[in-house]
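Take a look at the letters that make up each chain.
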Amino acid sequence: MQIMRYPTRDTWPEILHRPPVDLRSIAKAVREILNTVKSDGDDALRKYTAVFDGVNIDGLEVDPEEFAAAEQRVSADLKVAINVAAANIEKFHSAQLEDIKKIETTEGVSCWRRSVAIEKVGLYVPAGTAPLFSTVLMLGVPARLAGCKEIVLCSPPDRDGKADDAILYSAQLCGISRVFKIGGAQAIAAMTYGTKTVPAVYKIFGPGNQFVTSAKQMVSHQVAIDMPAGPSEVAVLADDTSVPAFVAADLLSQAEHGPDSQVLLVSACEEVINETLIAIERQIVDLPRREIATRSLTNSKAILVRDMAEAIDIVNLYASEHLILAVDKADEIAEKIINAGSVFLGNYSCESAGDYASGTNHTLPTAGFARSFSGVSLDSFVKKITFQKLTEEGMRRLGPTIEILAAAEGLDAHRRAITIRLEAIDGI
């Protein structure tokens, strides 16, 4: 990790700059994939599965026998762990369900809002070097709670043409019965345009590599997507009460995601920074994904600041996907955080908890989008429809106001829609 000591504020934007992700280099290839799937459907999906996943498959959809066999192969311990995680995720997201509140804005004028599930949603779940069955829970549980009528899931097959066992078990647990063995940009294309086998959806969710990210961006004018995405990241705010070994483990847990991931350590205590860097060197030695983590750390920084106020300003400017407050009075400092995807308070609140089983969602805004985007929640799977009802008394009271406003904008048909009603009420 690069060490920055007492950087001046004017240098912060440059220091906090993410590693460049240039999707232009793959844009042409992604566009070709999208267009080919749009025109050739299932044939294109099979072709790209052979090219990119190295396997020829006839049946793109997982059948009941595959679900059953996968469930048998998942260990009992893993099933229990997945069930616990799913229960916590459901408990947290269930609390986000909203009651309808009718508001009388004027006597005789009532307005309310109702959440309506998006009918058809598509979930993308990576399954390359690390099959993310936890993402199935993070997306599948709120989709089911929201009441989405059709939930489809795409995930790439392995070399034997099979979907990951834990992904299939998690899908069943979420009530998802339509799973397709399709990965990459071609999966995004299938869920956008629809094929003979794969239904088109109204909104697509889920992380992925640069091809998936690029494809989601390209189709976002035709189908909704969850949020802009970039490489995963974490920032840790530490002080002299933090445990360097814990901080090092948290930084490495994020760094192992991918070589383009970034981690950030911010502290006013130089001793903590030094001890954390030593702990990283110790812990990375036997890390199975050591090479990936090492490459990620070259994109990462440890920043020594003058005080906690400066540290808070830096992490708010960075707007990280994950923010760990490994500090004294973490609850108090958390109130000052305005830009972050998800915040973890105290030495025992590691990012891994949120990634898997605390209950919050791990599908979060990256690349600074936490300044303007929220992570996935129950709200992500619904749309809000507003309603209003005017009685005769309501029209009598509010109508004249609307007439004046419509006339002032020069929209006479709008004004007449009110006038004709008011005249009917008055018997004119």
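A brief structural summary. (Residues numbered from 1 in each chain as written. Predicted model: local features only at pLDDT ≥ 70, side-chain atom pairs only at ≥ 80, totals over all residues. Heavy atoms only, no water.)

**Quick word on empty space enclosed by the protein**
Okay, so step 1: In total, this model carries 2 cavities of 30 Å³ or more according to the counting rule given.
Okay, so step 2: Space inside the largest cavity adds up to approximately 40 Å³.
Okay, so step 3: Taken together, Phe246, Val247, Asp250, Ile324, Ala326, Gly346, Asn347, Ser349 and Cys350 make up the lining of the largest cavity.
Okay, so step 4: At 3 residues, helix H10 (residues 244–255) tops the list of elements feeding residues into the lining of the largest cavity. (1 Å grid on protein atoms, 1.4 Å probe; cavity = no way out; pocket = protein on both sides within 12 Å on 5 of 7 lines; lining within 4 Å. Points joined across faces, edges and corners; volume = space filled by probe spheres on them. Helix = DSSP H or I, 4+ residues; strand = E, 2+ residues; numbered from the N terminus.)

**Looking at the environment of isoleucine 188**
Okay, so step 1: Mapping isoleucine 188 onto the fold places it in helix H8 (residues 184–193).
Okay, so step 2: The class for isoleucine 188 is buried, based on a relative accessible area of 0%.
Okay, so step 3: When the C-alpha positions of isoleucine 188 and threonine 391 are compared, they lie 47 Å apart, and in sequence the two are 203 residues distant.
Okay, so step 4: Excluding residues within four positions of it along the chain, isoleucine 188 makes contact with Tyr124, Ile204, Val212, Ala215, Lys216 and Val219. (Buried < 20%, exposed > 50% of the residue type's maximum accessible area, 1.4 Å probe, protein only. Contact = heavy atoms within 4.5 Å.)

**As for the sheet that holds strand E14 (residues 382–390)**
Okay, so step 1: Read across the sheet, 3 strands follow the order E2-E3-E14 without closing on themselves; strand pairing throughout is antiparallel. This sheet does not close on itself; its edge strands, each paired only once, are strand E2 (103–106) and E14. Going from strand to strand, the sheet's axes swing by 30° on average, the running direction of each strand aside.
Okay, so step 2: In the sheet, strand E3 (residues 109–117) pairs with E14 via 9 bridges, with the strands oriented antiparallel. Bridge pairing links alanine 117 to valine 382 in E14. (Pairing = 2+ DSSP bridges. Axes fitted to C-alpha atoms, helices over the stretch in contact; angles between N-to-C directions.)

**Digging into the state of the cysteines**
Okay, so step 1: Inspection of every chain in the model, using the stated rule, returns 0 disulfides.
Okay, so step 2: With no disulfide of its own, cysteine 174 lies 12 Å from the sulfur of cysteine 148, the closest cysteine sulfur.
Okay, so step 3: Judged by its relative accessible area of 2%, cysteine 174 is buried. (Disulfide = S-S within 2.5 Å.)

**Here we look at the packing of aromatic side chains**
Okay, so step 1: Here the structure, examined in full by the defined rule, presents 5 aromatic pairs.
Okay, so step 2: Their ring planes at 65° and their centres at 5.6 Å tell us that phenylalanine 246 and tyrosine 348 sit as a pair that is edge-to-face. Linking phenylalanine 246 in helix H10 with tyrosine 348 in the loop between strand E13 (342–345) and helix H15 (351–356), this pair joins segments that are 102 residues apart in sequence.
Okay, so step 3: Note on tyrosine 348: relative accessible area 72%, which makes it exposed.
Okay, so step 4: Over the ring of tyrosine 318 we find arginine 18, and its NZ or CZ is 3.8 Å from the ring centre.
Okay, so step 5: Looking at lysine 47, its charged tip hangs above the ring of tyrosine 48, at a distance of 4.7 Å from the centre. (Phe/Tyr/Trp six-rings, centres within 6.5 Å; stacked < 30°, edge-to-face > 60°. Lys NZ or Arg CZ within 6 Å of the ring centre and 35° of its normal.)

**Looking at the nonpolar core**
Okay, so step 1: Ranked by size, the top nonpolar core spans 39 residues in total, and within it Val121, Leu123, Cys148, Leu153, Ile176, Val179 and Phe381 carry the most contacts.
Okay, so step 2: Only helix H4 (64–73), helix H5 (76–94), strand E4 (120–124), helix H6 (133–146), strand E5 (150–154) and helix H7 (165–173) provide two or more residues apiece to this core.
Okay, so step 3: Among the elements that make up this core, the one with the highest residue count is H6 (8 residues).
Okay, so step 4: Residues contacting cysteine 148, with those up to four places away along its chain left out, are Ala117, Ile118, Glu119, Val121, Ala143 and Phe381. (Core = buried A, V, L, I, M, F, W, Y, C linked by side-chain atoms within 4.5 Å.)

**A look at the pattern of salt bridges**
Think of it this way: side chains of opposite charge can pair up when their charged atoms draw near.
Okay, so step 1: Counted under the stated rule, the structure contains 20 salt bridges.
Okay, so step 2: A salt bridge links glutamate 233 to arginine 18; the nearest nitrogen and oxygen atoms lie 2.8 Å apart. A residue pair is termed long-range when its members are at least 10 positions apart, and glutamate 233 in strand E9 (residues 233–238) and arginine 18 in the loop between helix H1 (12–15) and helix H2 (24–40) qualify at 215 residues. Residues glutamate 233 and arginine 18 agree in their burial class; the two are buried.
Okay, so step 3: Note that arginine 306 and glutamate 310 form a salt bridge whose closest N and O atoms lie 3.9 Å from each other.
Okay, so step 4: Through salt bridges with shared partners, a single ionic network connects Glu107, Glu392, Glu393, Arg396 and Arg397. (Salt bridge = Lys/Arg side-chain N within 4 Å of Asp/Glu carboxyl O.)

**What to know about a negative patch on the surface**
Okay, so step 1: Together, Asp240, Glu271, Glu275, Asp328 and Glu332 line one region of the surface with negative charge.
Okay, so step 2: Residue classification places aspartate 328 among the partly exposed positions, given a relative accessible area of 44%. (Patch = residues over 30% accessible without salt bridge, like charges linked within 9 Å, V, L, I, M, F, W, Y side chains within 5 Å. Areas by Shrake-Rupley, 256 points an atom, 1.4 Å probe, with all protein chains shown as cover. Lys, Arg positive; Asp, Glu negative; His and termini not counted. Charge placed at Lys NZ, Arg CZ, Asp CG, Glu CD.)

**Focus on the packing of H5 against H7**
Helices that pack against each other are described as a pair by the angle of their axes relative to one another and the distance between those axes.
Okay, so step 1: The geometry of H5 relative to H7 is characterised by a closest axis approach of 11 Å and an angle of 45° between their N-to-C directions. In terms of their interaxial angle, H5 and H7 are classed as oblique. Crossing of H5 against H7: the hand is right-handed. Contacts from Leu78, Lys79, Ile82, Asn83 and Ala86 in H5 reach Ala166, Tyr169, Ser170 and Leu173 in H7.
Okay, so step 2: Grouping the amino acids of the contact of H5 with H7 by side-chain chemistry returns 6 nonpolar, 2 polar and 1 charged. (Parallel < 35°, antiparallel > 145°, perpendicular 65-115°, else oblique. Left-handed = near helix turned anticlockwise from the far one by under 90°. Nonpolar A, V, L, I, M, F, W, Y, C, P; charged D, E, K, R; others polar.)

**Examining the pairing of E3**
Okay, so step 1: Judged from the 3 bridges that link them, E2 and E3 form a sheet pairing that is antiparallel. Within E3, the position partnered with glutamate 104 by the bridge is serine 110.
Okay, so step 2: Linkage of E2 to E3, two consecutive antiparallel strands, is achieved through a turn of 2 residues, within which glycine 108 is found at a positive phi near 90°.

**So, the packing of H4 against H7**
Okay, so step 1: Axis separation between H4 and H7 bottoms out at 8 Å; the angle between their running directions is 110°. Classified by the angle their axes make, H4 and H7 are roughly perpendicular. Note on element contacts: H7 touches H4 through Asp165, Leu168, Tyr169 and Gln172, opposite Glu66, Phe67, Ala70, Glu71 and Arg73.
Okay, so step 2: Looking at the contact of H4 with H7 residue by residue, the class counts come to 4 nonpolar, 1 polar and 4 charged.

**Some details on the sheet that holds strand E10 (residues 262–267)**
Okay, so step 1: Strand order in the open sheet formed by 6 strands is E1-E11-E10-E9-E12-E13, and the pairing between neighbours is parallel. Edge positions in the sheet fall to strand E1 (2–5) and E13, since each has one partner strand and no second. Averaged over all neighbouring strand pairs, the angle between strand axes comes to 15°, with direction disregarded.
Okay, so step 2: Note that E10 and strand E11 (residues 301–304) share 4 bridges and pair parallel.

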